[in-house]
Number of protein chains: 2
Amino acid sequence: MDVALKLPKHSYTVYIDTNLLESIGERIKDLTQSRNCLTSKVLIVADSNTAPLYLAQVKDSLLKQGFKVSDVILPAGEIFKTASSVELIWEKALDSGLDRKSLMLALGGGVIGDLTGFAAATYLRGVKFLSIPTTLLSQVDASVGGKTGFNLRSGKNLVGVFYQPIGVFADTSTLLSLPEREYINGYAEIVKHALICDNDLLEFLERNLEKIKNRDSRFLAWLVEKNVRVKASVVAADEKETGMRAILNLGHTLGHALEEIGDYKVYYHGEAVAIGMVVACAISLNRGLITERDFARVTDLLKEIGLPRKPIVGPEPKLWWEKTFRDKKASEGVVYWVLPRKKERGGTLQDRFDRALYGNKVEYNEFYQAVDLIKEG
Amino acid sequence: MDVALKLPKHSYTVYIDTNLLESIGERIKDLTQSRNCLTSKVLIVADSNTAPLYLAQVKDSLLKQGFKVSDVILPAGEIFKTASSVELIWEKALDSGLDRKSLMLALGGGVIGDLTGFAAATYLRGVKFLSIPTTLLSQVDASVGGKTGFNLRSGKNLVGVFYQPIGVFADTSTLLSLPEREYINGYAEIVKHALICDNDLLEFLERNLEKIKNRDSRFLAWLVEKNVRVKASVVAADEKETGMRAILNLGHTLGHALEEIGDYKVYYHGEAVAIGMVVACAISLNRGLITERDFARVTDLLKEIGLPRKPIVGPEPKLWWEKTFRDKKASEGVVYWVLPRKKERGGTLQDRFDRALYGNKVEYNEFYQAVDLIKEG
């Protein structure tokens, strides 16, 4: 199942299937040839989770196709999503003799993808980039959109550039080896996609809780494809986030703040986003944009999946509020929130965007009341 | 004297005059308003050379126009053109509350311009960037072209992106306070411009050695404008260096290697480029692309200006040769050289590019002979 992304200046395909890694060398060879890339050197960037599982397989497969392959293994985790990690990639690229026609390959979750994409965008002012996302979160979210970058000491993803890969290989077999917490983590962005532009997806999730729990392989391939299509349609409409792409930030305004307050140790990204979504839904509820029943559907679904609906520590509304102003979308002291509203079925994509609300000014009072609601809920 | 750069997606003006700094706040206010930028916060990036001379003046001038101004002062010099310096800019931007509508302002030479441009391109995935080059080298060269970045431990400018400023203010009054060696350093790129696409400029330099020595202010403003026009015409034709922009690398293949071998302490950039140009000319001479007289004109002019024509240390042809393969333009083990050839007067810009040769494979033997020639010369 392939999803083609057509952007104004870059087009690429997200290949989604089980067992893609078994023939990854051949696939990458075909891809580089079809795109007329004279790549001979590949630098694989993995982390301490993915390297033991997949590095040897991917490396051997590439070597068999005649590529010269080197690798760098970074420590796993959001706390290592730093400039220092990018420097390790740059230095390894230099030591391995990568030139402007070479390829950097991300083998891991969202952190590895973002770091490798940034390194590829900036090494020699840009080399080829290819991604093999190995977590559910990165397959349904980070693999599409071209956002790359890393965290500063006091804020998430504050440094970055837009840079598109030449291709993405989402092998859903890799999801079977994910630890439970990491697997569930991926569902926050999936629920988000359902809330912002696909009511059918919401119902589908509600009806398939068993398959979610069992990691049914056909179900997962379908789910990843569906979500890649949702995100691709938003990104294709607004590659550089000058407008409606901001809708994808539902749950992220508070989510990023929670991650940062917890030093990226307390919450996984999806967990923080789940709590952020519940607060955004609570604001929508208080504004009358959605009903009590809509709100309950969201919290019930998150509960069934195993995602948090209220914070592990706190609530500390004042601290949270202040931290949201570090958000990249903050401008001149105002933070803009994405707030879900009741949607009708059907309509064009544009209709659906228009019905979901982005660019909302939220006052502290309103925020406080919403946090109060989820504390009780 | 303003030079307008029209690039496919970004246009901006290089303002060239004496005493521009006196009214810099007003000028920047006008510029941001005319470009519809709602900038209110400005981060000035200066270095330990420029801060004592100009920071207070620029800061006061901006404050008077209602901007909120913060600053960061980096240690001066090519050895500080590193990822760590960029991190200082990012962190200061964050601490000063810069958001996506804010402006980063480079106040200094090429190093400050390149670091600040990179920081602006990547902070929050891109904020506004404006440049006030204060050295001759940066006014005639780095101010135009949108190349930003920094050095890795073992190679110059190996990390970077293309990013265009919203405007450049080249105040030629700042050139009067430059130390002699730094002032002369700027002439290497000027001679390079003359060699690759402007015979008239070569003659003009030969006839105006007195004004060069005296730093005649009318002459300097004319000279900067002329050189900005030359570079702008090349950049406009090939913004991302997919083709003929590579012509601007005359002298840089060996020049960068020399700088690196000397740990960025032995040679200033222009000095290394001057030696690189002489070696390139020697290869051209041995190939019969230029005459003995052409070669002598170049070396005589460099001598009169005060630029080196042979290395301070060495020659060490084998070491130099190996280091040139670290060049960004190296690809699959081949380094491409720009070699001057005899030009006729007139013709279109394209004609003149066609007559200057870029993309030349040079063998070690040929390189060795050329180095041998300059050793004697």
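Just above, that's the structure.
Residues numbered from 1 in each chain as written. Chains lettered and ligands numbered in written order. Predicted model: local features only at pLDDT ≥ 70, side-chain atom pairs only at ≥ 80, totals over all residues. Heavy atoms only, no water.

A.B. asks: Explain the environment of A:Pro317 to me, please; I cannot follow it from the model alone.
C.D. replies: Residue and element names in this part refer to chain A. The topology assignment puts Pro317 in helix H14 (residues 317-324). Residue Pro317 is classed as buried on the basis of its relative accessible area, which comes to 14%. Once the C-alpha coordinates of Pro317 and Gln369 are considered, the two residues, 52 residues apart in sequence, prove to be 9.3 Å apart. The contacts of Pro317, once residues within four sequence positions are left out, are Tyr364, Phe367, Tyr368 and Val371. (Helix = DSSP H or I, 4+ residues; strand = E, 2+ residues; numbered from the N terminus. Buried < 20%, exposed > 50% of the residue type's maximum accessible area, 1.4 Å probe, protein only. Contact = heavy atoms within 4.5 Å.)

A.B. asks: Looking at this structure, I do not really get the interface of chain A and chain B. What am I missing?
C.D. replies: Taken together, the contacts link 35 residues of chain A with 35 residues of chain B. Both faces combined, the contact of chain A with chain B buries some 3,400 Å², and carbon together with sulfur accounts for 52% of it. If you look at where chain A meets chain B, you find two salt bridges. Measuring nitrogen to oxygen at the nearest pair gives 3.6 Å for the salt bridge that ties B:Arg153 to A:Glu91. Across the chain A-chain B interface, the total number found is four residue pairs in polar contact (both at pLDDT 80 or more). Mapped onto the side of chain A that touches chain B, the elements with two or more residues apiece are helix H3 (83-95), helix H4 (110-122), strand S7 (147-152) and strand S8 (155-162) of chain A. Residue composition of the side of chain A that touches chain B, by class: 15 nonpolar, seven polar and 13 charged. (Buried area = accessible area lost by both parts, 1.4 Å probe. Salt bridge = Lys/Arg side-chain N within 4 Å of Asp/Glu carboxyl O. Polar contact = N/O pair within 3.5 Å; in protein donor to acceptor, adjacent residues only side chain to side chain. Nonpolar A, V, L, I, M, F, W, Y, C, P; charged D, E, K, R; others polar.)

A.B. asks: Just to check I follow, could you spell out unusual backbone geometry for this structure?
C.D. replies: Excluding glycine, residues mostly carry a negative phi; peptide bonds, for their part, are mostly trans. Despite not being glycine, A:Arg125 shows a phi value in the positive range, around 60°. Relative to the helices and strands, A:Arg125 resides in the loop between H4 and strand S6 (128-133). Residue class for A:Arg125 comes out buried when judged on its relative accessible area of 14%. With phi around 55°, B:Leu124 is a residue other than glycine that occupies positive phi space. Counting through the fold element by element, B:Leu124 comes out in the loop between helix H4 (110-122) and strand S6 (128-133). Accessibility expressed as a relative area gives 4% for B:Leu124, which makes it buried.

A.B. asks: Where do I start with the packing of helix H12 (residues 269-287) of chain A against helix H13 (residues 292-305) of chain A in this structure?
C.D. replies: The angle between the axes and the distance between the axes are what describe a pair of packed helices. Residues and elements named next belong to chain A. Where H12 contacts H13, the axes come no closer than 10 Å and their chain directions differ by 170°. Classed by the angle they form, the pair H12 and H13 counts as roughly antiparallel. Here H12 contributes Ala274, Val278, Cys281, Ala282 and Leu285 to the contact with H13, which in turn contributes Glu292, Phe295, Val298, Thr299 and Leu302. Each residue belonging to the contact of H12 with H13 can be placed in one class, and the counts come to eight nonpolar, one polar and one charged. (Axes fitted to C-alpha atoms, helices over the stretch in contact; angles between N-to-C directions. Parallel < 35°, antiparallel > 145°, perpendicular 65-115°, else oblique.)

A.B. asks: Help me understand the side chain of B:Thr32, please; the structure alone is not making it clear to me.
C.D. replies: Residues and elements named next belong to chain B. Examined against the element boundaries, Thr32 turns out to sit in helix H1 (residues 24-34). The class for Thr32 is buried, based on a relative accessible area of 2%. Not counting residues up to four positions away in its chain, the partners in contact with Thr32 are Cys37, Thr39, Phe67 and Ile166.

A.B. asks: Looking at this structure, I do not really get the relation of the copies chain A and chain B. What am I missing?
C.D. replies: One copy of the chain maps onto the other through a rotation about an axis followed by a shift along the same axis. Once chain A is rotated about the relating axis by 180° and shifted along it by 0.0 Å, it coincides with chain B to within an RMSD of 0.0 Å. Put plainly, the chains are arranged around a two-fold axis. When C-alpha distances to the rotation axis are compared across chain A, the minimum falls at A:Ala83, with a value of 4.0 Å. A share of 100% of the interface residues of chain A reappears at the interface of chain B, consistent with the copies meeting face to face through the same patch. (Least-squares fit on C-alpha atoms with pLDDT ≥ 70 in both.)

A.B. asks: Even after reading the chapter, I still don't get the packing of aromatic side chains, so can you show me in this structure?
C.D. replies: What describes a pair of aromatic rings is the distance from one ring centre to the other and the angle between the planes of the rings. What the rule picks out here adds up to 27 aromatic pairs over all chains. Seen in terms of ring centroids, B:Trp90 and B:Phe118 are 6.4 Å apart; in terms of plane orientation they differ by 45°. Their pairing is tilted. Remark: B:Phe118 occurs in helix H4 and B:Trp90 occurs in helix H3 (residues 83-95); sequence separation between them is 28 residues. Look at B:Phe118 and you get buried, because its relative accessible area is 0%. Ring centres of B:Phe118 and B:Phe150 lie 5.1 Å apart, and the angle between their planes is 90°; this geometry places the pair in the edge-to-face category. Here B:Phe118, found in helix H4, pairs with B:Phe150, found in strand S7 (residues 147-152); they are 32 residues apart in sequence, far enough to count as distant. Here the aromatic residues A:Trp90, A:Phe118, A:Phe150, B:Trp90, B:Phe118 and B:Phe150 are joined through ring pairs into a cluster of three or more. (Phe/Tyr/Trp six-rings, centres within 6.5 Å; stacked < 30°, edge-to-face > 60°.)

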